[in-house]
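Geometric and topological summary
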Amino acid sequence: QVHVVESGGGLVQAGGSLRLSCAASGSIFGSSAMYWYRQAPGKQREWVATVTSGGSTNYSDSVKGRFTISRDNAKTTVYLQMNSLKPEDTAVYYCNAKTTFLSVVYDYWGQGTQVTVSS
């Protein structure tokens, strides 16, 4: 069983920073691509950032230049450093671990952590 647990959310003023953490248990972390998604009230869940098992990163246009995703394989943890936060960044942030084994995709989600940015 794989568990994915997010932490680090909270309330911050516009222009401030937060760092989210996502701890993943189990042996799949090293082979997993890790993703951050977010879902604002009344909106669909949207992709925010990716870090592959090899360390390559990719970002949505809405956060590029402000957010940084990173991973620590020794700690089986992925981080999302969020700077220059805007009220429109307010959402529940979800961590997702995805790996493929014998052509089967395994997909694990955390419970989410709330980020609220006040204007």
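Structure first, text after, so check above.
Source: prediction; values computed, not measured.

1. As for the environment of serine 53
Relative to the elements of secondary structure, serine 53 occurs in the loop between β5 (46–51) and β6 (57–59). You can call serine 53 partly exposed: its relative accessible area is 40%. The spacing of serine 53 and phenylalanine 29 is 24 residues in sequence and 8.1 Å in space, taken between C-alpha atoms.

2. Remarks on the sheet that holds strand β3 (residues 18–24)
Within a beta sheet, neighbouring strands are joined by backbone hydrogen bonds and run either parallel or antiparallel to one another. A sheet is described by the order of its strands in space; here 4 strands give the open sequence β1-β3-β8-β7, paired in antiparallel fashion. Looking at strand neighbours, the two that pair on one side only are β1 (4–7) and β7 (67–72), the edges of this open sheet. Adjacent strand axes in the sheet meet at a mean angle of 15° when their direction is disregarded. As defined by bridge partners, β7 adjoins strand β8 (residues 77–82) across 6 bridges and the pair is classed as antiparallel. For threonine 68, the partnering residue across the bridge sits in β8 and is glutamine 81.

3. As for a nonpolar patch on the surface
A grouping of Phe101, Leu102, Val104 and Tyr106 is seen on the molecular surface, where their side chains present a nonpolar patch of about 420 Å² in accessible area. Assignment of secondary structure puts leucine 102 in the loop between β9 (91–101) and β10 (104–109). A residue is classified by how much of its surface remains accessible, and leucine 102, at 70% relative accessible area, is exposed.

4. Details of the environment of tyrosine 94
Tracing the sequence through the fold places tyrosine 94 in strand β9. In this view, tyrosine 94 contacts Glu6, Tyr35, Trp36, Tyr37, Gln39, Arg45, Trp109, Gly110, Gln111 and Gly112; residues no more than four positions away in its chain are not counted.

5. What to know about the pairing of β9
Sheet topology note: the strand β4 (residues 33–39)/β9 ladder contains 7 bridges and is antiparallel. Its bridge partner lying in β9, tryptophan 36 is registered against cysteine 95. For β9 and strand β11 (residues 113–118), the ladder comprises 3 bridges, and the chain directions are antiparallel. When the sheet's bridge partners are listed, valine 92 is paired in β11 with glutamine 114. Two strands pair when backbone bridges link them, and β9 and β10 are joined in this way by 6 bridges, in the antiparallel orientation. What sits directly across from threonine 100, in β10, is valine 105. Connecting β9 to the antiparallel partner β10 that follows it, the hairpin turn spans 2 residues, and leucine 102 within it adopts a positive phi of roughly 50°.

Calculation notes
- Residues numbered from 1 in each chain as written.
- Predicted model: local features only at pLDDT ≥ 70, side-chain atom pairs only at ≥ 80, totals over all residues.
- Heavy atoms only, no water.
- Helix = DSSP H or I, 4+ residues; strand = E, 2+ residues; numbered from the N terminus.
- Buried < 20%, exposed > 50% of the residue type's maximum accessible area, 1.4 Å probe, protein only.
- Pairing = 2+ DSSP bridges.
- Axes fitted to C-alpha atoms, helices over the stretch in contact; angles between N-to-C directions.
- Patch = residues over 30% accessible without salt bridge, like charges linked within 9 Å, V, L, I, M, F, W, Y side chains within 5 Å.
- Areas by Shrake-Rupley, 256 points an atom, 1.4 Å probe, with all protein chains shown as cover.
- Salt bridge = Lys/Arg side-chain N within 4 Å of Asp/Glu carboxyl O.
- Contact = heavy atoms within 4.5 Å.

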